[in-house]
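# Structural overview
Single-letter residue listing:
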Number of protein chains: 2
Amino acid sequence: MNAPNETHAPDLRAWIDSANAPDTDFPVQNLPFGVFRRPGDRARIGVAIGDQILDVAVARGARMLEGSGAEACEAETLNGLMALGPEAWTELRAQMSALLREDGGGRSAAVVREGDLLVAQRDVELLLPARVGDYTDFYASLDHATHVGSMFRPDNPLLPNYKWIPIGYHGRASSVVVSGTPVRRPSGQRKPPEAEAPVFGPSRMLDYELEVGAWIGAGNALGETIPVADADRHIFGLSLLNDWSARDVQAWEYQPLGPFLGKSFATTVSPWIVTWEALAPFLVEVPARAPGDPAPLPYLDAGSTARHAVALTLDVWLQSAAMRSRGLAPLHVSRGSLAGMYWTFPQMVAHHASNGCNLRPGDLLGSGTVSGPEPEARGCLLERTWRGRDLLALPGGEQRAFLEDGDEVTLTGRCAREGYRAIGFGGCGGRVG
Amino acid sequence: MNAPNETHAPDLRAWIDSANAPDTDFPVQNLPFGVFRRPGDRARIGVAIGDQILDVAVARGARMLEGSGAEACEAETLNGLMALGPEAWTELRAQMSALLREDGGGRSAAVVREGDLLVAQRDVELLLPARVGDYTDFYASLDHATHVGSMFRPDNPLLPNYKWIPIGYHGRASSVVVSGTPVRRPSGQRKPPEAEAPVFGPSRMLDYELEVGAWIGAGNALGETIPVADADRHIFGLSLLNDWSARDVQAWEYQPLGPFLGKSFATTVSPWIVTWEALAPFLVEVPARAPGDPAPLPYLDAGSTARHAVALTLDVWLQSAAMRSRGLAPLHVSRGSLAGMYWTFPQMVAHHASNGCNLRPGDLLGSGTVSGPEPEARGCLLERTWRGRDLLALPGGEQRAFLEDGDEVTLTGRCAREGYRAIGFGGCGGRVG
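## Let's talk about the interface of chain B and chain A
- Listed by partner, the interface residues are 55 residues for chain B and 55 residues for chain A.
- Both faces combined, the contact of chain B with chain A buries some 5,300 Å², and carbon together with sulfur accounts for 62% of it.
- Where chain B packs against chain A, one counts 6 salt bridges.
- With a shortest N-O distance of 3.4 Å, Asp134 of chain A and Arg172 of chain B are connected by a salt bridge.
- Summed over the shared surface of chain B and chain A, the result is 28 residue pairs in polar contact (both at pLDDT 80 or more).
- Breaking the side of chain B that touches chain A down by element, the ones donating at least two residues are strand S6 (135–138), strand S7 (168–170), strand S9 (187–190), helix H7 (247–253) and helix H9 (345–353) of chain B.
- Ranked by residue count, the leading element in the side of chain B that touches chain A is S7 of chain B, at 3 residues.

Structural data, given as structure tokens:
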């Protein structure tokens, strides 16, 4: 599956002008799914196209779309569509592509519908696209694990299991929120090294983490596993994900059972899910492991030719309250690439199910912080400022070790490749306060 | 709330004979909630009474029960009833108590209903009582933490945060199953200390953990907290819980982010939720902390007179396939008490929400393994056999370090106190294989 096909052809243009702009994240080659609500209306499933949203149920009602995938889009979340599996997704994508292409018949039909087929993104509220049954967060960047490990455990930065196991932990599903939701600074216990006893109060080391989230499509029954070669067929698509972290709370609480309240106050995802199929042109082979690194165990080894890595470039932007009030644009803080991760999403899926744990449609798997070796590629302030040692200079003269109230963090992501139309993820933002 | 009231009076008798047997877990003073299904029927909410189940929706249809609590019992899970909060639960309990008491009018009304008001427990399937939004597992027994810590970290058994923080971690919600569900032995990576590299295969150190689960009733909004003095009002009730654990998988994977696949293959809960209100006679003050231990921080301190500990005696039973085939009764493996835990459920609730993390109706909080200092009070085989050093002798001549295929583990629990009718939890069982 997932070789590029006609829906990815670079010369396709939509009959919606904004979808043909060179810098749009949502050309007709993308077609990401989300859930939106018009004022006073119910939640509805939509597909982003330029600066508009295609209302899928309206298109189906007008007999422009048919089949089980379109039917599942009558719901208020994507879980039903996710459960159907890749054949249904492909069938629906092909129909939507034909409907929205300049050479298709959609435009004239849309006129007949008097405009309710499309709605401007700025006129609606975007909602969490699926009910998250379980949220799991991985730790798949070797650079991130090494950087953070060297701060928390200087004598032992990278633990012996790292290159064998896609390390992950269960996260909190209830506090997964959609982009734009305000993030309240959490209180918690923290214990500075020199203090006798911990104190309870607002976190002083609030951080973001640049991540990508994979949404599970069809799941597996309890007790069954998912072979790694088949694991990409269980991934519906990807969103951007900000794993907000209170570093002081995390440092004091995390042993021996892992992160808990230092993470569970909020996790922000972008509203649009870029499907695994839309990513086909940007799926690449996994980089060879460094000399001396162990080969993946067979249950994690999809072979060297499996195109399971994603050539997705990710950026972090930060704007303080003072910058906003002075009209200063957000600062570009870092840039990373998902393609350089040590573990792929299909490996994470196969590992997750390797003990018979059942994954369900709408489950969310975080990649872990996407970091590279260079300072400009470090995906959280903990790494970017090296725990506050190298303060970040903001336009206007402010400095940051960690996030202050009023700070707004926005993640963006884009896939580009010679010979293909670039696609993007839209923004994943949240303001502290 | 939750002082004993008329529904707890020890002289109350039900008009269902089996509820008056001295050894029943389900006298009219208990009235635990569950979800059951008659063959071919939908899931329905019921209340255990002796060896029978009261079909709550049928009772409501016959105008024997009224109000928002009874209305919420028209559903197929308890989440709706849980969301209503303690006043609605109390109102419903009082009506059910009156309906089922020997001196009430329920018996004659039941005759009119031709028996569909009650169904024998043996004639139905018992289901998971609620949709578990998130499952969190704590670590509230000081003895368990000390025992396990001394095996995994001999130089550092009890970490410095333990007496300050109710340590917990996010568990896996999808694999929470009801008593009776078979438990498949998980495969996973394990690395014996002497081995060069890990191997992948079936766990050789499969274990149970004797725990109690608290079901959240009304939740809190994201960003809001729950004061510890108010936290018991957010607890709908308790079930028994077996946190199945693959010790070899856990030992290799758990650093630095905590337990993951060593736990997520299955967690078994008992089908009946004994309400916090039914437990009122058995709620006791928290034992004083040992000299030298820190006082709880204010956000965890409900005062020395808060009756937040539960005098619940817990037992573990083990029966192998060979024992079953030879007609040998299950072996009593250990006995523990929930009253001796270092942290109470209200403290766990307050801590969980202290960073603004939203709890939702139906969320499940595990206590952590309930262990005491004596060998006979250790609530898992890891402790009971001290990692296999002291083999457990089974009737018939077998020995156990960890669980073998065919082994069936059953947890039971009972509250008894002079001057009150004893109540129990029913069994929480699962067979490996």
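## Quick notes on the sheet that holds strand S3 (residues 52–55) of chain B
All names here are of chain B.
- Read across the sheet, 5 strands follow the order S4-S3-S2-S1-S5 without closing on themselves; strand pairing throughout is antiparallel. What marks the edges here is a single partner per strand, and that holds for strand S4 (118–120) and strand S5 (125–127). Sheet twist, expressed as the average angle between the axes of neighbouring strands with direction ignored, equals 45°.
- Of the pairings in the sheet, the one linking strand S1 (residues 33–37) to S5 comprises 3 bridges and is antiparallel in character. Residue pairing for S5: Arg37 is matched across the bridge by Glu125.
- Along the sheet, helix H4 (residues 86–100) contacts S1, strand S2 (43–49) and S3; its crossing angle with S3, the most-contacted strand, is approximately 120°.

## Examining the confidence of the model for chain A
- For chain A, per-residue confidence averages 96 on the pLDDT scale, and residues scoring 70 or more make up 97% of the total.
- ipTM for the predicted complex: 0.97, alongside a pTM of 0.97.

## Quick look at helix H6 (residues 142–152) of chain B
- Taken as a whole, H6 of chain B has its buried residues at His144, Ala145, His147, Val148, Gly149, Met151 and Phe152 of chain B.
- On the buried face of H6 of chain B, the contacting elements are H7 and helix H10 (381–384) of chain B.

## What about the pairing of strand S19 (residues 313–319) of chain B?
Residue and element names in this part refer to chain B.
- The buried fraction of S19 is high, at 5 of 7 residues.
- Pairing geometry for S19 and strand S24 (residues 408–415), over 7 bridges, is antiparallel. Residue pairing in the sheet places Leu318 in a bridge with Val409 of S24.

## What to know about the packing of aromatic side chains
- As enumerated under the stated definition, the model contains 16 aromatic pairs over all chains in all.
- Judged by centre distance (6.0 Å) and plane angle (70°), the ring pair of Tyr139 of chain A and Tyr162 of chain A falls under edge-to-face. Taken together, the residues Tyr139 of chain A in the loop between strand S6 (135–138) and helix H6 (142–152) and Tyr162 of chain A in the loop between H6 and strand S7 (168–170) connect sequence positions 23 residues apart. Across the pair, Tyr162 of chain A and Tyr139 of chain A agree in class, each one buried.
- Through pairs of rings, three or more aromatic residues link up here, namely Tyr139, Tyr162, Tyr342 and Trp343 of chain A.
- When the ring centre of Trp343 of chain B is taken as origin, the NZ or CZ atom of Arg289 of chain B, which lies over that ring, is 4.6 Å away.

## Thoughts on the environment of Leu365 of chain A
All names here are of chain A.
- Note that Leu365 resides in strand S21 (residues 364–366).
- Residue Leu365 is classed as buried on the basis of its relative accessible area, which comes to 0%.
- Distance from Leu365 to Asp134, taken between C-alpha atoms, is 8.5 Å for residues 231 residues apart in sequence.
- Beyond its immediate stretch of four places on either side in the chain, Leu365 contacts Thr136, Phe138, Val212, Gly213, Ala214, Ile216, Phe345, Met348, Val349 and His352.

## Details of unusual backbone geometry
- Of note, the bond from Gln255 of chain A into Pro256 of chain A is cis; its omega dihedral lies within 30 degrees of zero at 5°.
- Its place among the elements puts Pro256 of chain A in the loop between helix H7 (247–253) and strand S15 (267–269).

## Things to note about the pairing of strand S13 (residues 235–242) of chain B
Residues and elements named next belong to chain B.
- In terms of residue burial, S13 counts as a mostly covered element, since 8 of its 8 residues are buried.
- Two strands pair when backbone bridges link them, and S13 and strand S15 (residues 267–269) are joined in this way by 2 bridges, in the antiparallel orientation. Counterpart to Leu241 in the pairing with S15 is Val269.

## Things to note about the sheet that holds strand S4 (residues 118–120) of chain A
Residue and element names in this part refer to chain A.
- Pairing within the open sheet is antiparallel, and its 5 strands lie in the order S4-S3-S2-S1-S5. The sheet is open, and its two borders are formed by S4 and strand S5 (125–127), each paired with just one other strand. Going from strand to strand, the sheet's axes swing by 45° on average, the running direction of each strand aside.
- Of the strands in this sheet, strand S1 (33–37), strand S2 (43–49) and strand S3 (52–55) are in contact with helix H4 (residues 86–100), which crosses S3 at around 120°.

## A word on the relation of the copies chain B and chain A
- Superposing chain B onto chain A takes a rotation of 180° combined with a translation of 0.0 Å along the rotation axis, leaving an RMSD of 0.0 Å. Accordingly, the operation relating the two chain copies is best matched by a two-fold axis. Considering only C-alpha atoms, the residue of chain B closest to the rotation axis is Gly258 of chain B, which sits at 2.1 Å.
- A share of 100% of the interface residues of chain B reappears at the interface of chain A, consistent with the copies meeting face to face through the same patch.

## Re the environment of Trp89 of chain B
Residue and element names in this part refer to chain B.
- Mapping Trp89 onto the fold places it in helix H4.
- In this structure Trp89 comes out as buried when scored by relative accessible area, which is 10%.
- C-alpha of Trp89 to C-alpha of Ala70: the two residues are 19 residues apart in sequence and 9.0 Å apart in space.
- The contacts of Trp89, once residues within four sequence positions are left out, are Leu81, Met82, Leu84, Gly217, Ala218, Arg233, Ile235, Phe236 and Glu277.

## A short note on the environment of Gly379 of chain B
Residues and elements named next belong to chain B.
- With respect to the secondary-structure elements, Gly379 resides in the loop between strand S21 (364–366) and H10.
- For Gly379, a relative accessible area of 0% puts it in the buried group.
- Spatially, the C-alpha atom of Gly379 lies 9.1 Å from that of Leu314, the residues being 65 residues apart in sequence.
- When neighbours within four sequence positions are excluded, Gly379 is seen to be in contact with Tyr208, Glu209, Leu210, Ser334, Thr369, Val370 and Ser371.

## Quick word on the pattern of salt bridges
All names here are of chain A.
- Per the counting criterion, the structure on display carries 56 salt bridges over all chains.
- Residue Asp230 is joined to Arg233 by a salt bridge in which the shortest nitrogen-to-oxygen separation is 3.6 Å.
- For Glu398, the salt bridge identified is with Arg400, shortest N-O distance 3.2 Å.
- A residue is classified by how much of its surface remains accessible, and Glu398, at 24% relative accessible area, is partly exposed.
- A single network of salt bridges, built from pairs that share partners, joins Asp207, Glu209, Asp243, Arg247 and Lys263.

Cut-offs and rules
Position labels on residues start from 1 in each chain and follow its written sequence. Whichever chain is written first is A, and whichever ligand is written first is 1; the rest continue in order. Per-residue local features of the predicted model are confined to residues with pLDDT of at least 70, and side-chain atom pairs are confined, for both listing and counting, to 80 or more; whole-chain, interface and lining totals are unaffected and use all residues. Just so you know, side-chain values use all the structure's heavy atoms and leave hydrogens and water out. Pairs of residues are marked as contacts when any of their non-hydrogen atoms sit within 4.5 Å. Two parts placed together each lose some accessible area under a 1.4 Å probe, and the buried area is that loss summed for both. Here, a salt bridge means any side-chain nitrogen of Lys or Arg that lies within 4 Å of a carboxyl oxygen of Asp or Glu. N or O atoms closer than or at 3.5 Å make up a polar contact, with two conditions inside protein: a donor-capable atom paired with an acceptor-capable one, and, for residues adjacent in sequence, both atoms drawn from side chains. For helices the rule is a DSSP run of H or I covering at least 4 residues; for strands it is a run of E covering at least 2, with both sets numbered from the N terminus onward. Here the rule is simple: two strands pair whenever DSSP picks up at least two bridges between them. Interaxial angle, 0 to 180 degrees, is taken between N-to-C directions of lines fitted to C-alpha atoms, where a helix line uses only the stretch in contact. Per residue, pLDDT captures the predictor's confidence, and it can take any value from 0 to 100. Three labels apply to residues, based on accessible area from a 1.4 Å probe with only protein chains included: buried if under 20% of the type maximum, exposed if over 50%, partly exposed otherwise in between. Here is the rule: rings of Phe, Tyr and Trp (six-membered ring for Trp) pair when centre to centre is within 6.5 Å. Planes less than 30 degrees apart are stacked, more than 60 are edge-to-face, and the remainder are tilted. Geometrically, a charge over a ring is one whose NZ (Lys) or CZ (Arg) sits within 6 Å of the ring centre while staying within 35 degrees of the ring normal. Residues reaching a pLDDT of at least 70 in both copies supply the C-alpha atoms on which the copies are superposed by least squares.

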